[in-house]
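# Results of the structural survey
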Amino acid sequence: MNGPSSALSLWSMVDALSAQIPFSAPAVARLLPGPLAEASSADDEPFRFFEGGPIRLGDGVEISSVDLRIRREPGHPGFLVIELQGRCVPLEEVRARHQLLSLTGVPRGRSPEEAITLSAETTWGRLSFGFKERRRDCLAYIVFAPH
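Residues numbered from 1 in each chain as written. Predicted model: local features only at pLDDT ≥ 70, side-chain atom pairs only at ≥ 80, totals over all residues. Heavy atoms only, no water.

### A look at the overall build of the chain
Where we set the bar: To qualify as a helix, a DSSP run of H or I must reach at least 4 residues; to qualify as a strand, a run of E must reach at least 2; elements of each kind are numbered from the N terminus. With the radius of gyration taken over C-alpha atoms, the globule rule is written as 2.2 Å times the number of residues to the power 0.38. Only protein chains enter the accessibility calculation, which uses a 1.4 Å probe. A residue is then buried if its area is under 20% of the maximum for its type, exposed if over 50%, and partly exposed in between.
In terms of helices and strands, the chain carries 3 helices and 9 strands. Listing every helix and strand of the chain by position from the N terminus yields α-α-β-β-β-β-β-α-β-β-β-β. Compactness check: the chain gives a C-alpha radius of gyration of 15 Å against a globular reference of 15 Å for 147 residues, within 12% of the reference. Along the first, second and third principal axes, the C-alpha atoms of the chain reach 40 × 30 × 30 Å. Evaluated residue by residue, the chain yields a buried proportion of 41% over its 147 residues.

### A short note on the pairing of strand β7 (residues 115-121)
To keep things clear, this is the line we draw: Only strands joined by at least two bridges in the DSSP assignment are considered to pair.
Among the 7 residues that make up β7, 5 are buried, leaving the element largely enclosed by the rest of the structure. As defined by bridge partners, strand β6 (residues 102-105) adjoins β7 across 3 bridges and the pair is classed as antiparallel. In the strand pairing of β7, Ser-102 is matched with Ser-119. Sheet analysis places β7 next to strand β8 (residues 125-132), joined by 7 bridges and oriented antiparallel.

### Observations regarding the environment of His-76
For clarity, the cut-off: The contact criterion used is simple: two residues touch if any of their non-hydrogen atoms lie within 4.5 Å. Counted as a polar contact is a pair of N or O atoms within 3.5 Å, where, for protein atoms, one must be capable of donating a hydrogen and the other of accepting one, and residues adjacent in sequence contribute only when both atoms are in side chains.
With respect to the helices and strands, His-76 occurs in the loop between β4 (61-71) and β5 (79-86). The spatial distance from the C-alpha of His-76 to the C-alpha of Phe-47 is 9.8 Å, given a sequence separation of 29 residues. When sequence neighbours within four positions are dropped, the list of residues in contact with His-76 reads Phe-47, Arg-69, Ile-70 and Arg-71. At 3.1 Å, the side chain of His-76 forms a polar contact with the backbone nitrogen of Arg-71. A polar contact is formed between the side chain of His-76 and the backbone nitrogen of Gly-78, at a distance of 3.0 Å.

### What to know about the side chain of Lys-132
Along the chain, the position of Lys-132 falls in strand β8. Given a relative accessible area of 11%, Lys-132 falls into the buried group. If we ignore the near neighbours within four places in the chain, the residues touching Lys-132 are Glu-83, Pro-112, Glu-113, Glu-114, Ala-115, Ala-140 and Tyr-141.

### A closer look at helix α1 (residues 10-19)
Helical geometry note: an α-helix holds 3.6 residues per turn, so side chains three or four residues apart project in the same direction. The criterion, for reference: Taken from the helix axis, the directions to the C-beta atoms give the arc we talk about.
Considered for burial, the residues of α1 that qualify are Leu-10, Trp-11, Met-13, Val-14, Leu-17 and Ser-18. Looking down the long axis of α1, one finds its buried residues gathered within 155 degrees of arc, a one-sided arrangement. Of the surrounding secondary structure, the elements contacted by the buried residues of α1 are α2 (25-31), β4, β5, α3 (91-97), β8 and β9 (141-146).

### Here's the deal with unusual backbone geometry
Between Ile-21 and the following residue, Pro-22, the backbone shows a cis peptide bond with an omega angle of 5 degrees. Here Pro-22 lies in the loop between α1 and α2. Going from Gly-53 to Pro-54, the amide bond is cis rather than trans, its omega being 0 degrees. Looking at the secondary structure, you find Pro-54 in the loop between β2 (47-52) and β3 (55-56).

None of this, on its own, says anything about what the molecule does.
Pasting the structure below:
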């Protein structure tokens, strides 16, 4: 993996990102080393898109990509997807941090990229964890969906 690294662990990163809500590109870029580049989007698009990664975390987990979306209208808290690779993060590790998970998405059998998604309701919104069919025993992505 090429790209910057961070001493943060996966879970300290999740906690730190949760504390950043509402998201802004500069705040997320300060937390996750390496720039967030604005993806091309026309000024008339409802969202601004920012991309980043790869980033190696201190616990061997790698962020393969960062996808931040912020609505152009004021007051939108943003939406963030972190794609993971590297060290396998099993469901038991996720459950150790978030005991109350509900099933919010299931694969439909069309692709190994489809995922089982488990979500936790938080004070700021929904935190979701995806386990793709192609490697269903390892966490593939985390989604931050603030209110």
